[in-house]
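Summary of the model geometry
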Amino acid sequence: DRTFIFSDGGPTTNVITGPFPPVVMNGASAPKPVELRAGTTYRFRLINIRGDALLLLSLTQAGQPASWRIVAKDGADLPTAQVGTHPAALLFAPGEIYDVEFTPSSPGALALNFGEPVPPGQPPLPMTQVAVEVK
């Protein structure tokens, strides 16, 4: 099991105009790489404790979403009928918790990307990218 807590990296000076703090993972603005083993199933607990902002999160391989199974929401296992394989991408609000299962099939490099979603028509914001090394 791996726990990833996403929070604000400092206070917001003005809630309308900013500046806004960066999104951090497990307290780090530049998190260390995540190491996984091919063929091993991992349960990731994804927790958004940001002040008042949505979080956009994805797990990608060569720029394309990987696949994972969402198995729990807010600490409660999902009914079997709701558990399925989905593209590894989430948009979730502060206070939400998702548990997902991920099984890397082969060695290689993936990326865990997270940051602010942007409204349609706005320029994209930079996403933080954490290296995921599968051995």
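Here, the structure is the one placed above.
Remember, it's a predicted structure, so these values are computed and weren't measured experimentally. (Residues numbered from 1 in each chain as written. Predicted model: local features only at pLDDT ≥ 70, side-chain atom pairs only at ≥ 80, totals over all residues. Heavy atoms only, no water.)

Looking at the pairing of strand S1 (residues 2-8)
Side-chain positions along a regular strand alternate between the two faces of the sheet. In this structure, S1 lies alongside strand S4 (residues 42-48), joined through five bridges in parallel fashion. The partner of Ile5 across the bridge, within S4, is Ile47. When S1 meets strand S2 (residues 23-25), the two strands line up antiparallel, connected through three bridges. Note that in S2 the partner of Asp8 across the bridge is Val23. (Pairing = 2+ DSSP bridges. Helix = DSSP H or I, 4+ residues; strand = E, 2+ residues; numbered from the N terminus.)

Quick word on the packing of aromatic side chains
Tallied over the entire structure, the rule returns five aromatic pairs. Pairing Phe4 with Phe44 gives two aromatic rings, centres 5.4 Å apart and planes at 80°, and the pair type is edge-to-face. In this pair, Phe4 is assigned in strand S1 and Phe44 in strand S4, connecting sequence segments 40 residues apart. Of the two residues, Phe4 and Phe44, both sit in the buried class. The structure contains a cluster of three or more aromatic residues connected by ring pairs, namely Phe4, Tyr42, Phe44 and Phe102. Stacked on the ring of Tyr98, the Lys or Arg Lys73 has its end atom at 4.9 Å from the ring centre. (Phe/Tyr/Trp six-rings, centres within 6.5 Å; stacked < 30°, edge-to-face > 60°. Buried < 20%, exposed > 50% of the residue type's maximum accessible area, 1.4 Å probe, protein only. Lys NZ or Arg CZ within 6 Å of the ring centre and 35° of its normal.)

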